[in-house]
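# Structural characterization, general
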Amino acid sequence: MAALVTDALRAEYLEDSGYDTQILEFIDMEHTPKNILIRGVRNGKKGENREAIRRCEEFLKVSPALGRLLE
């Protein structure tokens with residue numbers, strides 16, 4: 001479950017940096033939760049998810065390094 005949460009946050013960071021994202025499972029989650037592909041396509045819309053990301057981080061009580069590096 002934690003892997004899915006971190007993948008979702010990574011996708012949100014990408015969206016906030018100006019990408020449309022898709023999270024794709026390329027091996028069934030029943031076998032391993034680590035086979036996730038995050039695909040991003042540049043759209044140029046930066047900074048639209050920042051507040052939602054902060055609320056999610058506060059709710060989960062996490063402060064991922066990727067989020068700090070992108071600020």
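Rules and cut-offs
Residues numbered from 1 in each chain as written. Predicted model: local features only at pLDDT ≥ 70, side-chain atom pairs only at ≥ 80, totals over all residues. Heavy atoms only, no water. Patch = residues over 30% accessible without salt bridge, like charges linked within 9 Å, V, L, I, M, F, W, Y side chains within 5 Å. Areas by Shrake-Rupley, 256 points an atom, 1.4 Å probe, with all protein chains shown as cover. Salt bridge = Lys/Arg side-chain N within 4 Å of Asp/Glu carboxyl O. Helix = DSSP H or I, 4+ residues; strand = E, 2+ residues; numbered from the N terminus. Buried < 20%, exposed > 50% of the residue type's maximum accessible area, 1.4 Å probe, protein only. Axes fitted to C-alpha atoms, helices over the stretch in contact; angles between N-to-C directions. Parallel < 35°, antiparallel > 145°, perpendicular 65-115°, else oblique. Left-handed = near helix turned anticlockwise from the far one by under 90°. Contact = heavy atoms within 4.5 Å. Nonpolar A, V, L, I, M, F, W, Y, C, P; charged D, E, K, R; others polar. Expected span 1.5 Å × (residues − 1).

## Brief notes about a nonpolar patch on the surface
A cluster of nonpolar side chains, contributed by Phe-26, Ile-27 and Leu-37, occupies part of the molecular surface with about 280 Å² of accessible area. Following the sequence through the fold, Leu-37 ends up in strand 2 (residues 36-42). A relative accessible area of 41% means that Leu-37 is categorised as partly exposed.

## Things to note about the pattern of salt bridges
Throughout the structure, instances matching the rule amount to two salt bridges. Its salt-bridge partner being Arg-50, residue Asp-16 comes within 3.3 Å of it at the nearest N-O pair. With a gap of 34 residues between them, Asp-16 in helix 1 (residues 2-16) and Arg-50 in helix 2 (residues 50-60) connect regions that are remote in the sequence. Asp-16 gets classed as buried once you look at its relative accessible area, which sits at 11%. Look at Arg-50 and you get partly exposed, because its relative accessible area is 41%.

## Structural notes on the environment of Tyr-19
Assignment of secondary structure puts Tyr-19 in strand 1 (residues 19-25). Residue Tyr-19 is classed as partly exposed on the basis of its relative accessible area, which comes to 27%.

## Points about the packing of helix 1 against helix 2
Two measures define how a pair of helices packs: the angle their axes make with one another and the distance between the axes. Taken N-terminus to C-terminus, the directions of helix 1 and helix 2 make an angle of 160°; their axes are 9 Å apart at the nearest point. The angle between helix 1 and helix 2 falls in the class roughly antiparallel. By crossing handedness, the relation of helix 1 to helix 2 is classed as left-handed. Contact residues: helix 1 offers Val-5, Leu-9, Glu-12, Tyr-13 and Asp-16, while helix 2 offers Arg-50, Ile-53, Cys-56, Glu-57 and Leu-60. Considered class by class, the residues forming the contact of helix 1 with helix 2 number six nonpolar, no polar and four charged.

## Section: helix 1
A rise of 1.5 Å per residue sets the reference length of helix 1, with its 15 residues, at 21 Å; its end C-alpha atoms lie 21 Å apart and thus fit the reference within 8%. Within the span of helix 1, buried status applies to Asp-7, Leu-9, Ala-11, Tyr-13 and Asp-16. On its buried side, helix 1 packs onto strand 1, strand 2, helix 2 and helix 3 (65-70). Following helix 1 by one or two positions, Gly-18 has its phi on the positive side, about 100°.

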